[in-house]
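# A look at the structure
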Amino acid sequence: MTVHFVGAGPGAADLLTLRAVELLRTTPVCLYAGTYIDAEILAHCPADAELVDTQHLDLDQITAHLVEADRRGLDAVRLCSGDPSVYSALTEQTRRLDAAGVAWDVTPGVPAYAAAAALLGTELTVPELVQTVVLTRTQARSTRMPESEALANVAKVRGTLVLHLAIRRVRALAEELVPEYGADCPVAVVAHATRPDELVLRGTLADIADQVEAAGLRKAAVILVGPAVASRELDVCQVVGSHLYDPARDRGTTPR
């Protein structure tokens, strides 16, 4: 049998992929993180599906449920918030399944940063301004970050910076980013993207912490930093266009 790791997207049940919905509809066992995944998503599961909330389980306990389903001849879905490719502990879980001889596959989902950009109506890359997007997190009570990926080092790229799992440290992080980005650098915080209680805060590195603290945000938020966050307000967007759509480009060749 097979364990299907499925990206549940940022929250809205209608942002699941068609493949994800089909797997939920036809799979008898579903493990999900109740902190992020609500009843509307689980409504895609069969009425008699075995549902296991993993928010209070460690990885060994989660794996035990998946292996036990396999031993009973049942496929299982392991729902991951956002997309399994980022901060999902996919590698740790699949290693355990490999050791147990359990087959698995992965179905991608809409990542949190993409949902946040959509709510902002913002492209995270702007021609001749910023062409790099950095997805990272910070360390507090969590797994240690590699020394080379310290925030001060990552900030030197000056691309669009997307911070996950960092909302509780927003004030200290904003101060750490000022030397590279400047105090007036645009920042957006998107919490609970695509859910009924979604919240978008816009500001700068100088004032975003005040807004976050006033809103009482403690989890389920991403922080986006960089000039692209306010790209529609920048003059550069009026004078610099993408080479791909430039009328002067030779359409007989593929841009590289």
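Above this text you will find the structure in question.
Just so it is clear, the model here is predicted, and its values are computed rather than measured.

Conventions used here
Residues numbered from 1 in each chain as written. Predicted model: local features only at pLDDT ≥ 70, side-chain atom pairs only at ≥ 80, totals over all residues. Heavy atoms only, no water. Core = buried A, V, L, I, M, F, W, Y, C linked by side-chain atoms within 4.5 Å. Buried < 20%, exposed > 50% of the residue type's maximum accessible area, 1.4 Å probe, protein only. Helix = DSSP H or I, 4+ residues; strand = E, 2+ residues; numbered from the N terminus. Arc of directions from axis to C-beta. Contact = heavy atoms within 4.5 Å. Pairing = 2+ DSSP bridges. Axes fitted to C-alpha atoms, helices over the stretch in contact; angles between N-to-C directions. 1 Å grid on protein atoms, 1.4 Å probe; cavity = no way out; pocket = protein on both sides within 12 Å on 5 of 7 lines; lining within 4 Å. Points joined across faces, edges and corners; volume = space filled by probe spheres on them. Nonpolar A, V, L, I, M, F, W, Y, C, P; charged D, E, K, R; others polar. Phe/Tyr/Trp six-rings, centres within 6.5 Å; stacked < 30°, edge-to-face > 60°.

Another aspect to go through is the nonpolar core. Formed by 26 residues in total, the largest nonpolar core has its most connected members in Leu 161, Leu 177, Val 189, Ile 223 and Val 225. Residue assignment for this core shows that the elements contributing at least two residues are helix H6 (151-155), strand E7 (160-164), helix H7 (170-181), strand E8 (186-191), helix H8 (208-215) and strand E10 (221-225). Of the residues forming this core, the biggest block, five residues, is contributed by H7. The next biggest cluster of nonpolar side chains, apart from the first, holds 16 residues, and it includes Tyr 32, Ile 41, Ala 49 and Leu 79.

On to H8. Along H8, the residues that are buried comprise Ile 208, Ala 209 and Val 212. One side of H8 holds all its buried residues, which, seen down the axis, span an arc of 100°. The inward-facing, buried residues of H8 abut H7, E8 and strand E9 (199-204).

Relative to the assigned elements, Leu 163 resides in strand E7. For Leu 163, a relative accessible area of 1% gives the class buried. A sequence separation of 12 residues divides Leu 163 from Leu 151, and the C-alpha atoms of the two residues are 9.8 Å apart. Excluding its chain neighbours within four sequence positions, the residues that come into contact with Leu 163 are Thr 136, Thr 138, Leu 151, Leu 173, Leu 177, Ala 221, Val 222 and Ile 223.

This next bit is on the sheet that holds strand E6 (residues 133-137). In space, the five strands of this open sheet follow the order E6-E7-E10-E8-E9, with mixed pairing throughout. Pairing within the sheet leaves two strands with one partner each, and these edge strands are E6 and E9. Adjacent strand axes in the sheet meet at a mean angle of 20° when their direction is disregarded. Relative to E10, E7 is paired through three bridges, and the arrangement is antiparallel.

Another aspect to go through is empty space enclosed by the protein. In this structure the tally under the stated criterion is one cavity of 30 Å³ or more. As a volume, the largest cavity reaches approximately 50 Å³. Taken together, Leu 163, Val 170, Leu 173, Ala 174, Leu 177, Val 187, Leu 205, Ile 208, Ile 223 and Val 225 make up the full set of residues lining the largest cavity. Only H7 and E10 provide two or more residues apiece to the lining of the largest cavity. If you tally residues by element for the lining of the largest cavity, the top one is H7, at four residues. When grouped by side-chain class, the residues that make up the lining of the largest cavity number 10 nonpolar, no polar and no charged.

For the structure on display, the rule yields one aromatic pair. Note on Phe 5 and Trp 104: the rings are 6.4 Å apart at their centroids and 85° apart in plane angle, and the pair reads as edge-to-face. One end of the pair, Phe 5, is in strand E1 (residues 2-7); the other, Trp 104, is in strand E5 (residues 103-107), with 99 residues separating them in the sequence. For Phe 5, a relative accessible area of 0% gives the class buried.

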